[in-house]
Amino acid sequence: LGRVNAMLERRLRLLSEVARLSSSMGVTGDYASTCENCSHFWLLHVLSKWEQYEDRCKKDKSPSAITEGFPFKPYFEGESKSLFPAESSAEENMAIARSCFMKLKELFAGIEECRPFELLHSQTDRLNYLMTKQAKIVAMTCTYAAMKRSDFVKLALEFDSVVMEESAQVLDIETIIPLRLQRDVDGMSRLKRCILVGDHNQLPPVVKNKSLSRSSNLEQSLFTRLIRLGAPYIELNAQGRSRPSIAELYNWRYESLGDLKVVGEGEYLFANPGFAFDYQFINVNDYNGQGEYIPAPHYVQNLGEAEYAVTLYQHMRLLGYPADKITILTTYNGQKALIKDVVQRRCSHYLFGSPAKVETVDRFQGQQNDYVILSLVRTRSVGHIRDVRRLVVAMSRARLGLFVLGRESLFSGCLELKPTFKKLLERPTELQIVPGEGYASKPKVSDERKPVPISMENLTRQVVEDVQKREKQNYKG
C-alpha cells in the first residue's frame, strides 16, 4: 500500500508540473487534470512545438535564433535565470535546448507510468498492477505463496529468479511452491535460477508430529538435503555480528568461520561497562530448595533462573543500559511465560521498563540484540538444548554481551555441548561485576579493571538499595 500511495503522490506532483508548463506556454485548457489529458497536451503542444523549433534551427543556426525561438524558455527560466549563457555558441545552446526537452520527455514518461493508477480504482487492482508491471522485487512468505498461488498464476506473474532466505528452516514442499507461481512456457518453467540462503547448522523446520518428523525425516529442509547429497554450495567464512570472543562459542561448528574487520572496530573495542567479561556462564543453584519443575506436560520452568535473569536485567538498567538493547531468551515456553510474569511483577518501576523481548531460542532465530540473558532452565536432564543446532542459535544471538544461566554440574558433562561449555567454564561461574562503572563510562577492552564476584542474593539486595537511594534523591529534588 505504501508503494501505491507513493505512485498516487507522484501523479499529483507531475500533474502540477504540467500545469506550470502549460501556464508558461500560455496554453489554456484543463490539460493538467488527468494523465490522459496530459498525453494530449504532450502531442498537441509540446512535441509539435519542439519539432517546429528543430526545423527552424536547421534553417537558421545562429545562436540568437536558437535561444529566442526555444518554446519552453519561460518554464525552465523559473529554475535558472540564465538558461542560455550570453557568450555560448550555437552548438552549446542547442545542447542545452535538447537537455531541457529530455527533461520534458521524462516528465511525460512518468505521467504515463502513473496513468494506470488513475484508471484502476480499487487498491487490490492497483497492487496487482504494480506487482506484475513495475515491481523489481516481490517479497512474501512461503505460507503466503501457498495461499495465493492460484491468484499469482491468474495474474500471469513472471520472474526469472527466486531467493529464499532462512531456507534451512523451510519444509521441502514449502520450498517447491514459490518456484511454481507462474505459468509454464511451452511446457517448461521460465525460472532461470533459485538461490537458497540458510544455515544447516541452525534449527530445522518445525514439525509438530514427532513420528513424521523422526521416521520420515520430514524436518529435513531441501537446503539441508542438497548439502547432504553433495550439491555444491558456498559457505560464508566470516561473521560480522558478535565479538570475536563470543563467536568462539559457536564457530567450532563451521569449517572456517572467521571474523570481519568490523568486529574489531568501533563499539567492539569497548568492554561492557560494569561487567568483567563479555560473556559468562553463571551457575544457578536450587531456589528455595527447588530447581526445574514441570507444572504441565512439556511446560518446564525454573523460578531461580527466572528471578536471576530479571535481577540481572534490573542491574543492567540501573547501570544505564537501554532496555531495547537487552533480550532475555530461554529454551522452553514455560520458562518464557514465567519470566514474563516476573518482569511484569518486578519491572513496573519507571527505572526498569520491559526488555526488548522475552522469547524462546527457537522463535528468536534470525534475530539479534546487543545483550542477551539466556536461561537454560533444566537441572535434571539436559533437554532439547542437547541438539547442537539449537545451541548454535542460542550462542549466536548476542553482539556485545552474553550471560548464560544454568546448572554447571549438568551441562559441563554433556558430550555434545562440550566445545561450547569448555569455553564458558574457563571463566568464573559466579557473576563478576566492576563497581563504579556505568553505561556511559565506555571502558576499553584493554583497560585494567578490578572485578568483584557477587551472588544472586547480594545482587538483588544491591538493586533494591540502589532503587531506594534514587527514589530518595528524587524526593529531595
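Placed above this text is the structure.
Predicted, not measured: the structure shown is a model, and the values here were computed from it.

Student: Help me out: how do you make sense of the nonpolar core in this one?
Tutor: Across soluble globular proteins, nonpolar side chains show a tendency to be buried alongside one another. One finds Ile 373 and Leu 431 to be the most contacted residues of the largest nonpolar core, which totals 40 residues. Mapped by element, the contributors of at least two residues to this core are helix H13 (303–319), strand E8 (326–330), helix H14 (333–346), strand E10 (369–375), strand E11 (398–406) and helix H18 (456–476). In this structure, Ile 373 is in contact with Ala 309, Leu 312, Tyr 313, Met 316, Ile 326, Thr 327, Ile 328, Leu 329, Phe 403 and Leu 405, ignoring residues within four places of it in sequence. Among the nonpolar cores identified, the runner-up in size contains 36 residues, and Leu 15, Ile 66, Phe 72 and Phe 101 belong to it.

Student: What should I look at first to understand the packing of helix H1 (residues 2–25) against helix H2 (residues 35–59) in this one?
Tutor: Helix-helix packing is described using two parameters, namely the angle between the two axes and the distance between the axes. Direction vectors running N to C along H1 and H2 enclose 40°, while the axes themselves pass 11 Å from each other. Considering how the two elements wind past one another, H1 and H2 form a crossing that is left-handed. Packed against H1, whose contacting residues are Arg 11, Leu 15, Val 18, Leu 21, Ser 22 and Met 25, the element H2 presents Cys 35, Cys 38, Phe 41, His 45, Val 46 and Lys 49 at the interface. Across the contact of H1 with H2, the residue classes tally to eight nonpolar, two polar and two charged.

Student: Looking at this structure, I do not really get unusual backbone geometry. What am I missing?
Tutor: Working note: non-glycine residues mostly have negative phi, and peptide bonds are mostly trans. With a phi angle near 55°, Asp 186 is a residue other than glycine that sits in the positive phi range. Considering the arrangement of structural elements, one finds Asp 186 in the loop between helix H9 (172–176) and strand E2 (193–196). Despite not being glycine, His 298 shows a phi value in the positive range, around 60°. Looking at His 298, the relative accessible area reads 75%, which means it is exposed.

Student: Looking at this structure, I do not really get the side chain of Arg 346. What am I missing?
Tutor: As for its position among the elements, Arg 346 is in helix H14. For Arg 346, the side chain forms a polar contact with the side chain of Thr 311, separated by 2.8 Å. With residues up to four places along the chain from it excluded, the contact list for Arg 346 reads Glu 307, Val 310, Thr 311, Gln 314, Phe 352 and Thr 460.

Student: Got a minute to help me understand the environment of Lys 340 in this structure?
Tutor: Position of Lys 340 relative to the elements: it lies in helix H14. Note: C-alpha distance between Lys 340 and Val 197 (143 residues apart in sequence) is 33 Å.

Student: Is there a simple way to think about the environment of Pro 178 in this case?
Tutor: Residue placement: Pro 178 occurs in the loop between H9 and E2. Once you skip the residues sitting within four places of it in the chain, Pro 178 turns out to touch Cys 142, Ala 145, Phe 159, Val 162 and Met 164.

Student: Which parts of the structure should I look at to understand the sheet that holds strand E5 (residues 279–283)?
Tutor: Strand pairing in a sheet relies on backbone hydrogen bonds. The paired strands run either parallel or antiparallel. What the five strands build is an open sheet, ordered E5-E11-E10-E8-E9; its pairing is parallel. Each edge of the open sheet carries a strand with a single partner, namely E5 and strand E9 (357–360). Shown here is a sheet whose adjacent strand axes are inclined to one another by a mean of 20°, direction ignored. By the bridge criterion, five bridges tie E8 to E10 in an arrangement that is parallel. Directly across from Thr 327, in E10, lies its bridge partner Val 372.

Student: Explain the pairing of E5 to me, please; I cannot follow it from the model alone.
Tutor: Consecutive residues of a regular strand have side chains that alternate between opposite faces of the sheet. For E5, the tally of buried residues reaches four of five residues, placing the bulk of the element in the interior. Inspection of the sheet shows E5 paired to E11 by five bridges, in the parallel sense. Bridging across to E11, Phe 281 finds its partner in Val 404.

Student: Looking at this model, I keep getting lost on the packing of aromatic side chains. Mind explaining?
Tutor: Aromatic ring pairs are reported here in terms of the distance separating the ring centres and the angle at which the planes meet. For the coordinates displayed, the defined rule picks out 20 aromatic pairs. A centroid spacing of 5.7 Å and a plane angle of 75° characterise the contact between Phe 281 and Phe 421, whose relative ring orientation is edge-to-face. Taken together, the residues Phe 281 in strand E5 and Phe 421 in helix H17 (residues 418–424) connect sequence positions 140 residues apart. Overall, the relative accessible area of 3% leaves Phe 421 in the buried class. Ring centres of Tyr 321 and Tyr 439 lie 4.9 Å apart, and the angle between their planes is 55°; this geometry places the pair in the tilted category. With Tyr 321 in the loop between H13 and E8 and Tyr 439 in the loop between strand E12 (432–433) and strand E13 (452–453), this pair connects stretches of sequence that are 118 residues apart. Each member of the pair, Tyr 321 as well as Tyr 439, carries the same accessibility label: buried. By way of ring pairs, the aromatic residues Tyr 31, Phe 41, Trp 42, Trp 50, Tyr 53, Phe 70, Phe 72, Tyr 75, Phe 76, Phe 84, Phe 101 and Phe 108 are connected into one cluster.

Student: How do you make sense of the pattern of salt bridges when you look at a structure like this?
Tutor: When the charged atoms of two side chains lie near each other, side chains of opposite charge can form a pair. Under the definition given, this model contains 24 salt bridges. Residue Asp 172 is joined to Arg 225 by a salt bridge in which the shortest nitrogen-to-oxygen separation is 2.9 Å. Taken together, the positions of Asp 172 in helix H9 and Arg 225 in helix H11 (residues 222–228) put the pair 53 residues apart, joining distant regions of the chain. A relative accessible area of 30% means that Arg 225 is categorised as partly exposed.

Cut-off values and rules
- Residues numbered from 1 in each chain as written.
- Predicted model: local features only at pLDDT ≥ 70, side-chain atom pairs only at ≥ 80, totals over all residues.
- Heavy atoms only, no water.
- Core = buried A, V, L, I, M, F, W, Y, C linked by side-chain atoms within 4.5 Å.
- Buried < 20%, exposed > 50% of the residue type's maximum accessible area, 1.4 Å probe, protein only.
- Helix = DSSP H or I, 4+ residues; strand = E, 2+ residues; numbered from the N terminus.
- Contact = heavy atoms within 4.5 Å.
- Axes fitted to C-alpha atoms, helices over the stretch in contact; angles between N-to-C directions.
- Left-handed = near helix turned anticlockwise from the far one by under 90°.
- Nonpolar A, V, L, I, M, F, W, Y, C, P; charged D, E, K, R; others polar.
- Polar contact = N/O pair within 3.5 Å; in protein donor to acceptor, adjacent residues only side chain to side chain.
- Pairing = 2+ DSSP bridges.
- Phe/Tyr/Trp six-rings, centres within 6.5 Å; stacked < 30°, edge-to-face > 60°.
- Salt bridge = Lys/Arg side-chain N within 4 Å of Asp/Glu carboxyl O.

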